[in-house]
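Here are the chains, one letter per residue:
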Amino acid sequence: MRNLLITGGAGFIGANFVHHMLERYTDYQIVVFDKLTYAGRRENLARWEEDPRFTFVQGDICDMAAVRAAVKAHAIDTIVNFAAETHVDRSILAPDAVITTNVNGTWTLLEVARSMQLERFHQISTDEVYGAIPAPQRSREGDPLEPRSPYSASKAGAEHLVYAYFITYGLPVTVTRGSNNIGPFHYPEKAVPLFTTNALDNQPLPVYGDGLQVRDYQFVRDHCEAIDLVLQKGQLGEIYNVGTEVETANIDMAHKILDILDKPYSLITHVADRAGHDRRYALDCSKLRALGWRSRHTFDAALEQTVRWFVEHEAWWRPIKSGEYLEYYKRQYHDRT
Ligand code: NAD
Ligand code: TYD
């Protein structure tokens, strides 16, 4: 593994993964292949623009000819697929792009990887494929997939294709199922950056329903280290859960953000719940730990670092919260409040 195609590398986790890989490995070539949708930002990768180990290609993972050309031009041996439509609420408002990119796009990449005999295809998946998990149960990799939103169903569909390519064609694949990430470059439509940037502007924090839904919030760089570990040491054809195994209710997360920013709890506004809202996700990560992995950041440390990053990088998020974002915000939140 030397020449990696990182699809979706201009997005939140993809960009952090590029930073991680270029910081850690001096002899890897990294090609980011990204459509630059509303969520993709070239500036997330600005520090590497002059580095000879880094190349940016703008393209759609559904465009087989473009993917093939990039793989050929850069002698790619490994694809790591981060590219996706990633927001559950947007997938409820408009499922078409989610299905197209997440299912058809993943299939396109698999087809290129198979026909060009790549060394590895790694799929970035999510804990949401398991569906809502009642306490005290934790999801293990062999558990049935019961996705309940268009987003999670599309990610489960993609995973099934990845596995089918492993079984049918012997494509060397691995999959990671990550829990909710937080950290730098997180697009402010997701809960933690949305609550943080709203709080900074003294705007309401729209908590869905009673706010007692449970998530495992992990620091994005921990997730990136786990993906790297699975690329180096993971077994082909295997799936690895990636999370902290620490459960946090959304309302507690909102309180902590307000505490860090010294803002009043009165900013919290309970709004109409998300349709089909998954009440709880919880992973069992023992399979990943057996590879030697452990999360470096506690939830409190991860949240503190994340919130501080947004305080210090207003120039990054302020321009995003205009134009298309405001239209989306109105559509998503106007009738809820
Ligand atoms: P993001 O929305 O921040 O970024 C997605 C990136 O994909 C953007 O750069 C976008 O331009 C690009 N993209 C979208 N459609 C594309 C297409 N058709 N062709 C090429 N590029 C395209 O997403 P993220 O939060 O960084 O998530 C990355 C991956 O991790 C996704 O596969 C997601 O399902 C998965 N994941 C995310 C989380 C999380 O908490 N954010 C947790 C687990 C798994
Ligand atoms: P989100 O960041 O969208 O991630 P996911 O839905 O993939 O878990 O949401 C995290 C949690 O926060 C989820 O339970 C939904 C909730 N949430 C709110 O309460 N209000 C909001 O405005 C958003 C975007 C999310």
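These numbers come from a predicted model, not from an experiment.

What counts and what doesn't
- Residues numbered from 1 in each chain as written.
- Chains lettered and ligands numbered in written order.
- Predicted model: local features only at pLDDT ≥ 70, side-chain atom pairs only at ≥ 80, totals over all residues.
- Heavy atoms only, no water.
- Helix = DSSP H or I, 4+ residues; strand = E, 2+ residues; numbered from the N terminus.
- Core = buried A, V, L, I, M, F, W, Y, C linked by side-chain atoms within 4.5 Å.
- Buried < 20%, exposed > 50% of the residue type's maximum accessible area, 1.4 Å probe, protein only.
- Domains from an automatic or database assignment.
- Contact = heavy atoms within 4.5 Å.
- Axes fitted to C-alpha atoms, helices over the stretch in contact; angles between N-to-C directions.
- Parallel < 35°, antiparallel > 145°, perpendicular 65-115°, else oblique.
- Left-handed = near helix turned anticlockwise from the far one by under 90°.
- Nonpolar A, V, L, I, M, F, W, Y, C, P; charged D, E, K, R; others polar.
- Near = heavy atom within 4 Å.
- Polar contact = N/O pair within 3.5 Å; in protein donor to acceptor, adjacent residues only side chain to side chain.
- Areas by Shrake-Rupley, 256 points an atom, 1.4 Å probe, with all protein chains shown as cover.
- Buried area = accessible area lost by both parts, 1.4 Å probe.
- Salt bridge = Lys/Arg side-chain N within 4 Å of Asp/Glu carboxyl O.

## So, unusual backbone geometry
- That bond from Ala 135 to Pro 136 is cis: its omega, 0°, falls within 30 degrees of zero.
- Tracing the chain through its elements places Pro 136 in the loop between strand E5 (120-126) and helix H5 (150-169).
- At Glu 245, a residue that is not glycine, the phi angle is positive and equals roughly 70°.
- Looking at the element boundaries, Glu 245 is found in the loop between strand E11 (239-242) and strand E12 (248-249).

## Structural notes on the nonpolar core
- Ranked by internal contacts, the top residues of the largest apolar core, which has 60 residues, are Ile 6, Phe 17, Val 18, Ile 30, Phe 54 and Val 80.
- Counting contributing residues, this core receives three or more from each of domain 1 (3-181 + 218-242) and domain 2 (188-215 + 246-272 + 299-333).
- Aside from chain neighbours lying at most four places away, what touches Ile 30 is Leu 4, Ile 6, Val 18, Met 21, Leu 22, Arg 53, Phe 54 and Thr 55.
- One finds Leu 109, Val 112, Leu 118 and Val 175 within the second-largest nonpolar core, a separate group that totals 23 residues.

## Comments concerning the packing of helix H4 (residues 95-115) against H5
- H5 packs onto H4 with a crossing angle of 15° between their chain directions and a minimal axis gap of 9 Å. When the interaxial angle is binned, H4 and H5 end up roughly parallel. For H4 against H5, the interelement crossing comes out right-handed. Contacts between H4 and H5 involve Pro 95, Val 98, Ile 99, Asn 102, Val 103, Thr 106, Trp 107, Leu 110, Glu 111 and Arg 114 from the first element and Pro 150, Tyr 151, Ser 154, Lys 155, Ala 158, Leu 161, Val 162, Tyr 165 and Tyr 169 from the second.
- The residue makeup of the contact of H4 with H5, split by class, is 13 nonpolar, three polar and three charged.

## Here's the deal with the site of ligand 2
- Taken together, 19 residues sit near ligand 2, with Glu 128, Pro 206, Arg 274, His 277 and Tyr 333 positioned nearest.
- Residue Arg 274 places a side-chain N or O atom 2.5 Å away from an oxygen atom belonging to ligand 2.
- Contact with the protein chains covers 96% of the free accessible surface of ligand 2, which is 510 Å².
- Going through the elements one at a time, helix H3 (88-93), helix H6 (191-200) and strand E8 (205-208) are the ones with two or more residues in the shell around ligand 2.
- Among the elements that make up the shell around ligand 2, the one with the highest residue count is E8 (three residues).
- Of the residues belonging to the shell around ligand 2, the class tally is eight nonpolar, five polar and six charged.

## A word on the domain arrangement of the protein chain
- Each assigned domain of the protein chain is listed here: domain 1 (3-181 + 218-242) and domain 2 (188-215 + 246-272 + 299-333).
- For domain 1 versus domain 2, the distance between C-alpha centres works out to 26 Å.
- Tallying the contact residues gives 12 residues for domain 1 and 14 residues for domain 2.
- Sorting the residues of domain 1 by area buried against domain 2 places Arg 90, Leu 93 and Phe 219 first, and these three jointly supply 38% of that buried surface.
- For the pair domain 1 and domain 2, the interface holds three salt bridges.
- One salt bridge connects Arg 90 with Glu 189, and the closest N-O pair in it is separated by 2.7 Å.
- Counting every contact that joins domain 1 to domain 2 gives nine residue pairs in polar contact (both at pLDDT 80 or more).
- A breakdown of the residues in the side of domain 1 that touches domain 2 according to their chemical character gives three nonpolar, four polar and five charged.

## Brief notes about the site of ligand 1
- Taken together, 28 residues surround ligand 1, and among them Ile 13, Asp 34, Thr 86, Tyr 151 and Lys 155 come closest.
- Between ligand 1 and the protein, one listed contact pairs an oxygen atom with a backbone N or O atom of Phe 12 at 3.0 Å.
- Measuring from an oxygen atom of ligand 1, one finds a backbone N or O atom of Ile 13 at 2.7 Å.
- Here ligand 1 loses 97% of its free accessible area of 840 Å² to cover by the protein chains.
- Elements that contribute at least two residues to the shell around ligand 1 include exactly helix H1 (12-24), E5 and H5.
- Top element by residues in the shell around ligand 1 is E5. It accounts for three residues.
- Its residues assigned to classes, the shell around ligand 1 comprises 11 nonpolar, 13 polar and four charged.

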